[in-house]
Amino acid sequence: YLVGSTESASLPTSPGAFQPVYGGGTCYSPGIVVGGGNYFPCDDAFVIKLDPTGRVIYSTYLGGGNIDEGVAIAADAAGNAYVAGWTSSDTGFPTTPGAAFSSSAYGGTNGFLAKLNPQGTALVYSTFLPGANWGGGIAVDSTGAVYYTGSVIPAGQPFPTTPGSFQPQPLAPTSLIPVVAKVNPAGSALVYSTYVSGKYGNSTFAYSIAIDSAGNAYITGRTTAADFPVTPGALQTSLLNPTQTAYVAELNAGGTALAYSSYLGGSGIDQGNVVRVDGQGNIRVFGPTSSANFPVTSGAFQGTGPTAAWSSNGASLTSISKPGAGQSPSLVFSTFISGGEYMDMDAAGNSYVAGRASLGFPATTGAYQRCASGLNQDTFVAEFDAN
């Protein structure tokens, strides 16, 4: 399942696709000097589903007459695709009757959440997410409920929250702060929705969300806030670098409280790009780092860093234990992975990392391509066991 955005009116869509024709229209940028503006094609989101051999099952546009960006996608066991993004097409973006926020009266730029049927021929539902215009990540549980995270500036457009949630009112309304929302399987209402920030939000982003079998939601991102809400006994309770550090937070199944929240980083610049959770509830966080003192564990794949002979771009992969009642969390493992750019995890807890590296990356015996091209950087893919 692929999601993205395109300015092209000639994307090869499939027969019977929900939206076979580009709807992006023409946008205008005023420029910074008089007469310096320009017109350009507005982006449409697109969704493409491929079968296991790489053949197109469907390909469709998803957008209105202004800019529409697709930023996250998930799928359920039946093959429905769930797409999140943001849109400026407040009068033309396709929403469905009975959706949680189907009205076009919000204006400006808003988030959206859409569910496409397995054939890509129709929307099961599509709803605006008012004010959610910075990034976004989604996850889907076994009932078809969708968990969303992104970032908003509440003073510009308040995000709809629910009574009794962890933080129904923004503590830093003029700052960029994260939100977490659970949408019911029909897309018709919020189960819960909350802000997650300190009083001084200071540009806090949420990039990724994961859920466990109990319905607890885990988010990660980056923050400059010294008062981000961390929990007592967390792995790291203070901000080591006010320029930027990563964080990871767990909301309970009802969205009423933080079960766990911690900073994660060193004295350099750190960011959480991906969060996953394994069958034991251990939290897996991946992202870029420039911190030479990022916390790593004994016996780690790459114990020192953040750079290595094969890449000057630092990255880290960290697993944090699920804290039990009265217990403090600990590092299951933590390692640098220079050159890493993305991570995912399987049901057994193995981590898969993709990135870019040059000569020196430790390929394994029998690997598809053991040697670097020697010209610049090659793509790499690596599997790390659960330890």
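Position numbers for residues start from 1 in each chain and track the written sequence from start to end. Note on the predicted model: pLDDT of at least 70 is required for a residue's local features to be given, and 80 or more for side-chain atom pairs to be given and counted; whole-chain, interface and lining totals, by contrast, use all residues. Heavy atoms from the whole structure form the basis of all side-chain values; hydrogens and water molecules are not counted.

Undergrad: Give me the lowdown on the nonpolar core, citing residues and values where you can.
TA: We define the nonpolar core as a collection of buried residues of types Ala, Val, Leu, Ile, Met, Phe, Trp, Tyr and Cys that are connected through side-chain atoms lying within 4.5 Å of one another. Between buried and exposed lies partly exposed: a residue is buried under 20% and exposed over 50% of the maximum accessible area for its type, with that area taken using a 1.4 Å probe on protein chains only. Counting 34 residues, the largest nonpolar core has Leu62, Leu113, Ile138, Val146, Tyr148, Val152 and Phe159 as its most contacted members. A contact between two residues is defined here by any heavy atoms of the two lying within 4.5 Å. In this structure Val152 touches Gly131, Ala132, Phe159, Ser175, Leu176, Ile177, Val179 and Tyr195, once residues within four positions along its chain are discounted. Core analysis: the next-biggest nonpolar cluster, separate from the first, contains 17 residues, Ile209, Ala217, Tyr247 and Ala249 among them.

Undergrad: Can you break down the side chain of Thr87 residue by residue, with the values?
TA: Strands here mean DSSP runs of E at least two residues long; helices mean DSSP runs of H or I at least four residues long; both are numbered from the N terminus. By the secondary structure assignment, Thr87 is in strand E7 (residues 81-87). The buried category is assigned to Thr87, whose relative accessible area is 1%. A distance of 2.4 Å separates polar atoms of two side chains, one belonging to Thr87 and the other to Asp68. Sequence-distant contacts of Thr87, defined by excluding residues within four places in its chain, comprise Ile67, Asp68, Phe93, Gly108, Thr109, Asn110, Phe112 and Phe128. Think of a polar contact as two N or O atoms within 3.5 Å of one another; within protein, one of them needs to be a possible hydrogen donor and the other a possible acceptor, and neighboring residues in sequence only count if both atoms come from side chains.

Undergrad: Kindly report on the sheet that holds strand E10 (residues 134-140), identifying the contributing residues and their values.
TA: Strand order in the open sheet formed by four strands is E10-E11-E12-E13, and the pairing between neighbours is antiparallel. The open sheet has two edge strands, E10 and strand E13 (190-195), and neither has a second partner. Put simply, the sheet's adjacent strands are angled 15° from each other on average, direction ignored. Where strand E12 (residues 177-183) meets E13, five bridges bridge the pair, whose relative direction is antiparallel. Bridging from a neighbouring strand, Val180 pairs with Thr194 of E13. Strand pairing follows a simple DSSP-based rule, namely that at least 2 bridges must link the two strands. Between N-to-C directions, angles cover 0 to 180 degrees, with each direction set by a line fitted to C-alpha atoms, over the stretch in contact for helices.

Undergrad: Before we move on, could you go through the pairing of E12 and cite the residues and values that matter?
TA: Judged by how many residues are buried, E12 sits mostly within the fold: seven of seven residues are covered. With seven bridges connecting them, strand E11 (residues 146-152) and E12 associate as antiparallel partners. Counted as the bridge partner of Val152 is Ile177 from E12. Turn length for the E12-E13 hairpin, with the two strands adjacent in sequence and antiparallel, is six residues, and the turn residue Gly187 shows positive phi of about 70°.

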